[in-house]
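Residue-level listing of the chains:
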Amino acid sequence: MDYRQAGVDIAAGEEAVARIAPLAATTWRPEVRGGIGGFGGCFALPPGRYQRPLLVASTDGVGTKLQVALAVGQLRSIGQDLVAMCVDDLVCLGAEPLFLLDYLAVGRLDPEQVAEVVSGVAEGCRRAGCALLGGETAEHPGVLPPGELDLAGFAVGVLEEGQQLGPERVRAGDLLVGLHSPGLRSNGYSLARAVLLERAGRDLQAPAWPGAHRSLGEELLEPSRIYAPAVLAALRAHPGAIHAAAHITGGGIPGNLRRVLPPDLEGRVLLGRWPVPRIFDEIARLGPVEDPEMAQVFNLGLGMVLVVAPQAAEAVLDVLHGADTPAQVVGEVRPGDRQVHLEGSWH
């Protein structure tokens, strides 16, 4: 018996690496040293830019959005989702994303499938301005069935120590600037799938809703917008204007915004101030899912919330809009007990 009979194809793995290497090379920054194929990726910190460089690390995956991508047969967009989940966590501290490594586990190694996923990761890295420095593709026969896969990523960023964003900078009177999300990003898909596909029996190939111009599968696979470049542009254009940033992932607006508030302040978010994608109405209606549960699970159309000094809000909005990132003031910070209050209705 040999390794291939046991379910692991070494030749397919080598072919996958050969396909991945040129994709990774399209993302490299001048600081990258070496190439794909070694036992580790090397990256030199930008010389002269930092007096006391502080490295920031983040890791994440794309969750059960993978199941939708596999069912539709379109895997490229989940690579961009992976990058967004990692680098948009980094920028919440004010860090510039430097590089990312991906981990792809498959039931049976298909070099074409691997290349499709990694091409999306590379596209996401180019959008984020970070290098795809390396990664790992693992074949797990007996653990994952053929055709199944899982995807995770690990990203590293850098900032000047002492300049990190966070609760200690937040003040009463700060304004909340919400950055629009055109879809679910990569959160809440277990509930979305349970409602739309299992309970309502919706077809991924059918219109997302009556009169929709694209299918339900296309709607659910809307790539996650990558906010890091726009937020970094605002940080550089207006130093000190942004006090904190919350990436709206699992836990929704209340759960994530609370993480960047000090104990004596609370957030007030005015629902209805921003456009909420129709897909959230469909989930709420077909579940039915109560509003508090929707707010706890989904982003409801905001992928990130910045806490901004009130006198600088318009200037920050101008930079965000110039970076093709729709955003608007959606609330404020006021004295309280670190809770986040959603007022009004998003329907």
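Everything numeric here is computed off the predicted structure, so don't read it as measured data. (Residues numbered from 1 in each chain as written. Predicted model: local features only at pLDDT ≥ 70, side-chain atom pairs only at ≥ 80, totals over all residues. Heavy atoms only, no water.)

**Student:** Which residues make up the state of the cysteines, and what are the values?
**Tutor:** All chains considered together, the criterion is met by 0 disulfides. Looking at Cys92, it has no disulfide partner, and the nearest cysteine sulfur is the one in Cys86, 12 Å off. A residue is classified by how much of its surface remains accessible, and Cys92, at 12% relative accessible area, is buried. In this structure Cys130 is not part of a disulfide, and its nearest cysteine sulfur, from Cys125, lies 3.8 Å away. (Disulfide = S-S within 2.5 Å. Buried < 20%, exposed > 50% of the residue type's maximum accessible area, 1.4 Å probe, protein only.)

**Student:** So what about the sheet that holds strand S8 (residues 242-247)? Which residues, and what values?
**Tutor:** The 6 strands are arranged S8-S10-S7-S11-S9-S12 in an open sheet whose pairing can be described as mixed. With partners counted over all chains shown, the strands left at the sheet margins are S8 and strand S12 (340-343), one partner each. Here the strands of the sheet are splayed against their neighbours by 25° on average, with no regard to which way each runs. Taken together, the 5 bridges between strand S9 (residues 265-270) and strand S11 (residues 327-335) define a ladder with antiparallel strand orientation. When the bridges of S11 are listed, Arg268 appears paired with Glu332. (Pairing = 2+ DSSP bridges. Helix = DSSP H or I, 4+ residues; strand = E, 2+ residues; numbered from the N terminus. Axes fitted to C-alpha atoms, helices over the stretch in contact; angles between N-to-C directions.)

**Student:** Explain the pattern of salt bridges to me, using residue names and the numbers behind them.
**Tutor:** The full count for this structure, using the stated rule, is 19 salt bridges. For the salt bridge of Arg127 with Glu123, the shortest nitrogen-to-oxygen distance reads 2.9 Å. Note that Arg127 and Glu123 are positioned in helix H4 (residues 111-128) at a spacing of 4 residues, about one turn of the helix. Residue Arg127 is classed as partly exposed on the basis of its relative accessible area of 49%. What you see here is one network of salt bridges that share partners, running through Arg29, Glu31, Arg49, Glu96 and Arg236. (Salt bridge = Lys/Arg side-chain N within 4 Å of Asp/Glu carboxyl O.)

**Student:** Let's hear about the packing of helix H3 (residues 76-90) against H4: which residues, and what values?
**Tutor:** Running from N to C, H3 and H4 point in directions that differ by 40°, and their axes come no closer than 6 Å. Judged on the interaxial angle alone, H4 and H3 are oblique. Crossing geometry of H3 relative to H4 is assigned as right-handed. Facing H3, whose interface residues are Arg76, Gly79, Gln80, Leu82, Val83 and Val87, H4 presents Glu116, Val117, Ser119, Gly120, Val121, Glu123, Gly124, Cys125, Arg126, Arg127 and Ala128. (Parallel < 35°, antiparallel > 145°, perpendicular 65-115°, else oblique. Left-handed = near helix turned anticlockwise from the far one by under 90°. Contact = heavy atoms within 4.5 Å.)

Function cannot be read off these values alone, since they describe shape.
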